[in-house]
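# Coordinate analysis (summary)
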Amino acid sequence: MLRFFWIIVQLILILSFVFFLVSNSFRVSFDIGDLSYIFSSNLLVIFLLFFIFLIVLVNFIYFKTKYSFQKYSYAKKFNKAQKGYDFFVEAMISLLNKDNKSASIAAKKMQGLLADETSLNLLLQSEILKIEKKSDKLNEVYDLMIKNNKTKTLGYRGLMEQSLKQQDYHHAFIYGEKLFFINPKIEKLYHTLVNIIAKTKNWNQLTVISDRAYSNKIINKQEANENKSIALYEIAKIKMKSEIKEAIKIIEKALSFKNNFPPYIAIYIEMLFSINNRKKIQKVLKKYWSETPNSALRYSITNVLKTNKISELSFINNLVSKNKDNDESKKFLVDFAILFNEWDIARENIKGLLGPNPTREVCLFMSEIELGESNDIQKSEGWKLRANNADIDNYWVCKITNNPQKDWTTLSDSGHFNSLEWRQPKMLSIL
């Protein structure tokens, strides 16, 4: 509206100026050589107006012609692009219908019409080659995709997936890590990287990407700390072979992230045994057992103590002194009383554990007591038979596959990261 108003103002000014010149005409004369020329100023005004009109007309024709050519060119390009996009859609529909031949034909037609659309061409080629399972050519396309800013993410993702299919976890991690730093919020990318790290044992990187995932709100603080603690646990296991003091510091840090976790406590105690620090062993074990007496911790501690040949029952008595009435404390005493042939102590502590339906472990304890104390083979076999029909004891069970295993590992026997939980398995396989 303002522009229209300004044009009107300009026209009024020009017409006013012309009207003024016409109303106040005068004679214009000039000499060229011997000739004199005299004419009215009105003729000069008419000439100027005609000249201006001619310029406007030429400009109008020029720009009108140029616009028509541009419009035609744009229309041609638009129609060409539209046909190209139609072929793209046709190719994608053919791929969904698993009609690879039609998809390839449509892709070639699209490429002829949309040669400049590199990203779309690469995307379509990758989808066709993926279905045709031409891995080498597909990798070449993915390599081209990572050089294109529009398709870089898809290229790295494709190369990572290709490497995973070939179980090339080293390259899978390289591509996955680059993808993670470009776009960490891609669905399931963090957890895929964690599983790759578990297979490649690149534990330092687990700490790095866990911190980044937490800062990007992909995981919560608890999961970040848990995964970092696992990385520290694995690093400590490696370090304990050559740098035991450094390993002890690292496992203590892991316990600060995931306190009272039995597998960490077990390896911590193993390290303390390796430097013969029995005073600290007793202090640490008493602390953790007083805080959380449970079967998982008891199994972990028992294995370490038996491996390192604890030779006196007083060590166990001191360990459970604050919670002797706890069932797990009683099992602890019974187990080591049997080991040291202290049959009276074993019988005294197992009484409260029998009940109408004793667990498999308690039945096996009774079998050993009957055999060891009185050499009663018949009663011992009777308890073994009863153990076969008793409730299954807890194991580390993979929550994904339900496969049980005796010892906790970062990567379960089924191949899943941090998937083990301490519980009764639905079915007990032979371990």
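This text follows the structure it describes.
Presented here is an overview of the structure given in this document. Quick caveat: nothing in here was measured; it's all calculated off a predicted structure. (Residues numbered from 1 in each chain as written. Predicted model: local features only at pLDDT ≥ 70, side-chain atom pairs only at ≥ 80, totals over all residues. Heavy atoms only, no water.)

### Section: the packing of helix H7 (residues 169-182) against helix H8 (residues 189-200)
As a reminder of what qualifies: Here an axis means a line fitted to C-alpha atoms, over the contact stretch when the element is a helix, while the angle between two N-to-C directions is reported on a 0 to 180 degree scale. Secondary structure is summarised from DSSP: a helix means a run of H or I of at least four residues, a strand means a run of E of at least two, and numbering begins at the N terminus for each. In a left-handed crossing the near helix is turned counterclockwise from the far helix by less than a right angle, and in a right-handed crossing that turn is clockwise. Pairs of residues are marked as contacts when any of their non-hydrogen atoms sit within 4.5 Å. When residues are sorted by character, Ala, Val, Leu, Ile, Met, Phe, Trp, Tyr, Cys and Pro go into the nonpolar class, Asp, Glu, Lys and Arg into the charged class, and all the rest, Gly among them, into the polar class.
Axis separation between H7 and H8 bottoms out at 10 Å; the angle between their running directions is 150°. The interaxial crossing formed by H7 with H8 has left-handed handedness. Where H7 approaches H8, its residues Tyr 169, His 170, Ala 172, Phe 173, Gly 176, Glu 177, Leu 179 and Phe 180 are matched on the opposing element by Leu 189, Tyr 190, Leu 193, Ile 196, Ile 197, Lys 199 and Thr 200. Here the residues of the contact of H7 with H8 are counted per class, giving 10 nonpolar, 3 polar and 2 charged.

### A look at the side chain of Glu 234
Definition in use: Burial classification: accessible surface area is computed with a 1.4 Å probe over protein chains only, and a residue below 20% of its type maximum counts as buried, one above 50% as exposed, and the rest as partly exposed.
Within the secondary structure, Glu 234 is located in helix H10 (residues 221-239). Classification of Glu 234 by relative accessible area gives buried; the value is 10%.

### Some details on the layout of surface pockets
The following threshold applies: Whether a set of points on the 1 Å grid over the protein atoms alone is a cavity depends on a 1.4 Å probe fitting there but being unable to get out, while an open set qualifies as a pocket with protein on both sides within 12 Å along at least five of seven lines; lining residues are those with an atom within 4 Å of a point. Grid points are joined across faces, edges and corners, and a volume is the space filled by probe spheres set on the points.
Space inside the largest pocket adds up to approximately 860 Å³. Along the wall of the largest pocket there are 32 residues; nearest its centre are Tyr 299, Ser 300, Asn 303, Lys 406 and Asp 407. Counting only elements with at least two residues in the lining of the largest pocket, the list comes to H10, helix H12 (262-274), helix H14 (295-307), helix H16 (327-339), helix H18 (360-374) and strand E3 (395-398). Among the elements that make up the lining of the largest pocket, the one with the highest residue count is H14 (9 residues). Across the lining of the largest pocket, the residue classes break down as 15 nonpolar, 6 polar and 11 charged. Here the second largest pocket defines a volume of roughly 320 Å³. The wall of the second largest pocket is formed by 19 residues, among which Glu 226, Lys 399, Phe 417, Asn 418 and Ser 419 lie closest to the centre. Taken together, the elements giving at least two residues each to the lining of the second largest pocket come down to H8, H10 and strand E5 (420-423).

### Quick look at the sheet that holds E5
The condition that has to hold: Strands were regarded as paired on the criterion that DSSP finds at least two bridges between them.
Pairing in this open sheet of 3 strands is antiparallel, and the strands run E4-E3-E5 from one edge to the other. Because the sheet does not close on itself, it has two edges, and the strands there are strand E4 (404-405) and E5. Sheet topology places E3 next to E5; 4 bridges connect them, and they run antiparallel. Counterpart to Trp 396 in the pairing with E5 is Trp 422.

### Considerations on the nonpolar core
To keep things clear, this is the line we draw: Throughout, nonpolar core names a set of buried Ala, Val, Leu, Ile, Met, Phe, Trp, Tyr and Cys residues whose side chains join them through atoms within 4.5 Å.
Judged by nonpolar contacts, the single largest core of 90 residues is most densely connected at Ile 251, Tyr 264, Ile 269, Leu 285, Leu 305 and Phe 332. With 9 residues, H12 is the largest single contributor of residues to this core. Once residues lying within four places of it in the same chain are set aside, the contact partners of Phe 332 are Trp 289, Arg 298, Ile 301, Thr 302, Leu 305, Ile 316, Leu 319 and Val 320.

### Points about a nonpolar patch on the surface
Defined as follows: Patch building starts from residues that exceed 30% relative accessible area and form no salt bridge, then joins like charges within 9 Å and nonpolar side chains (Val, Leu, Ile, Met, Phe, Trp, Tyr) within 5 Å. All accessible areas in this document rest on Shrake-Rupley with a 1.4 Å probe, and a residue is counted as covered only by the protein chains that are shown. The salt bridge definition used is simple: a Lys or Arg side-chain nitrogen within 4 Å of an Asp or Glu carboxyl oxygen.
Judged by side-chain polarity, Phe 50, Phe 53, Leu 54, Leu 57, Val 58, Phe 60 and Ile 61 come together as a nonpolar surface patch covering roughly 700 Å² of accessible area. For Leu 54, a relative accessible area of 39% corresponds to the partly exposed category.

### A short note on the packing of aromatic side chains
Short version of the rule: Stacked, tilted and edge-to-face are the three classes applied to pairs of Phe, Tyr and Trp rings, where Trp contributes its six-membered ring and a pair requires centres within 6.5 Å; stacked means planes under 30 degrees apart, edge-to-face means over 60, and tilted covers the rest. We call a charge positioned over a ring when the NZ of a Lys or the CZ of an Arg lies within 6 Å of the ring centre and within 35 degrees of the ring normal.
For the coordinates displayed, the defined rule picks out 13 aromatic pairs. A centroid spacing of 5.1 Å and a plane angle of 90° characterise the contact between Phe 261 and Trp 408, whose relative ring orientation is edge-to-face. Placement of the pair is Phe 261 in the loop between helix H11 (244-257) and H12 and Trp 408 in the loop between E4 and E5, with a sequence separation of 147 residues. Here the two residues Phe 261 and Trp 408 agree in accessibility, since each one is buried. With a centroid separation of 6.2 Å and 80° between ring planes, the pair formed by Tyr 264 and Trp 408 is classed as edge-to-face. On the criterion of sequence distance, the pair formed by Tyr 264 in helix H12 and Trp 408 in the loop between E4 and E5 is long-range, its members being 144 residues apart. Judged by relative accessible area, which is 0%, Tyr 264 ranks as buried. Through successive ring pairs, a cluster of aromatic residues spans Tyr 233, Phe 261, Tyr 264, Tyr 299, Trp 396, Trp 408 and Trp 422. A cation over an aromatic ring shows up here: Lys 287 above the ring of Tyr 288, its NZ or CZ 4.1 Å from the ring centre.

### Here we look at unusual backbone geometry
Positive phi is not limited to glycine here, since Lys 201 has a value of about 60°. In this model, Lys 217 sits at a positive phi of 60°, which is unusual for a non-glycine residue. Judged by relative accessible area, Lys 217 falls into the exposed class, the value being 77%.

Function-wise, these values are silent; they only describe arrangement.
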